[in-house]
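Survey of secondary and tertiary structure
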Amino acid sequence: MKKENLIEQLNAAKALSSQVDIDKVVELIKQLEPTSLFNQELADEIANKIESCLDNNSDDLVDLDSAEFELNYDNRIELSRAEVNVSEIMEHIVAIIDNFVSVDDEEVSSSEFTPSED
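Residues numbered from 1 in each chain as written. Predicted model: local features only at pLDDT ≥ 70, side-chain atom pairs only at ≥ 80, totals over all residues. Heavy atoms only, no water.

Examining the pattern of salt bridges
In the structure shown here, the tally under the stated rule is four salt bridges. Here R76 makes a salt bridge to D74, at a shortest N to O gap of 3.3 Å. When its relative accessible area of 45% is taken as the criterion, R76 is described as partly exposed. Residue D74 is classed as partly exposed on the basis of its relative accessible area of 38%. We note a salt bridge from R81 to E83, for which the minimum N-O separation is 2.7 Å. (Salt bridge = Lys/Arg side-chain N within 4 Å of Asp/Glu carboxyl O. Buried < 20%, exposed > 50% of the residue type's maximum accessible area, 1.4 Å probe, protein only.)

Let's talk about a nonpolar patch on the surface
Residues F69, L71, I77 and L79 make up a contiguous nonpolar surface patch of roughly 490 Å² in combined accessible area. Of all the secondary-structure elements, those providing two or more residues to the nonpolar patch are β1 (62-71) and β2 (77-84). For F69, the position within the fold is in strand β1. The exposure class assigned to F69 is exposed, which follows from its relative accessible area of 56%. (Patch = residues over 30% accessible without salt bridge, like charges linked within 9 Å, V, L, I, M, F, W, Y side chains within 5 Å. Areas by Shrake-Rupley, 256 points an atom, 1.4 Å probe, with all protein chains shown as cover. Helix = DSSP H or I, 4+ residues; strand = E, 2+ residues; numbered from the N terminus.)

Some thoughts on the confidence of the model for the protein chain
Per-residue confidence for the protein chain gives a mean pLDDT of 76; residues scoring 70 or more make up 72%. Throughout residues 109-118 the model reports pLDDT below 50, and contacts reaching past four residues in sequence, or to other chains, amount to five contacts. (pLDDT = per-residue confidence, 0-100. Contact = heavy atoms within 4.5 Å.)

Topic: the side chain of H92
Note on placement: H92 falls in helix α4 (residues 86-111). Owing to a relative accessible area of 13%, H92 belongs among the buried residues under this scheme. When neighbours within four sequence positions are excluded, H92 is seen to be in contact with C53, L54, N57, D60 and L61.

Considerations on the nonpolar core
Of all hydrophobic cores here, the largest spans nine residues; its members are I46, I50, C53, L54, L61, I89, I93, I96 and F100. Those elements that place two or more of their residues in this core are α3 (40-56) and α4. (Core = buried A, V, L, I, M, F, W, Y, C linked by side-chain atoms within 4.5 Å.)

Overview of unusual backbone geometry
The phi angle at N75 is positive, at roughly 60°, despite the residue not being glycine. In this fold, N75 is placed in the loop between β1 and β2. Given a relative accessible area of 63%, N75 falls into the exposed group.

Things to note about the pairing of β1
Note: β1 against β2, six bridges, orientation antiparallel. Bridge pairing in β2 places V62 opposite V84. (Pairing = 2+ DSSP bridges.)

Given below as structure tokens:
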């Protein structure tokens, strides 16, 4: 049973009587299905969006000013060190997650139960 079904049944019981039997409410609550907002499909979607965002912004992810080079024995220039711009990476990741949170908040607020004032 889903939350919406429980609310419908409680409202139906409320319409029949101003008193609701606590035992019936407890039984209905026991029938509620556990729902997980975070599942594998959502995790995959978030991971794909993060990967795509980081790919599209790859120029921002390495601090080019911190790059250190060495001249190898056969006169090849090798990159010996470069720092990753962690704050820039986190900004991109947080932006992606914020998009999912705002979408989730909109879905929750549209399905919330607001009791009527009698």
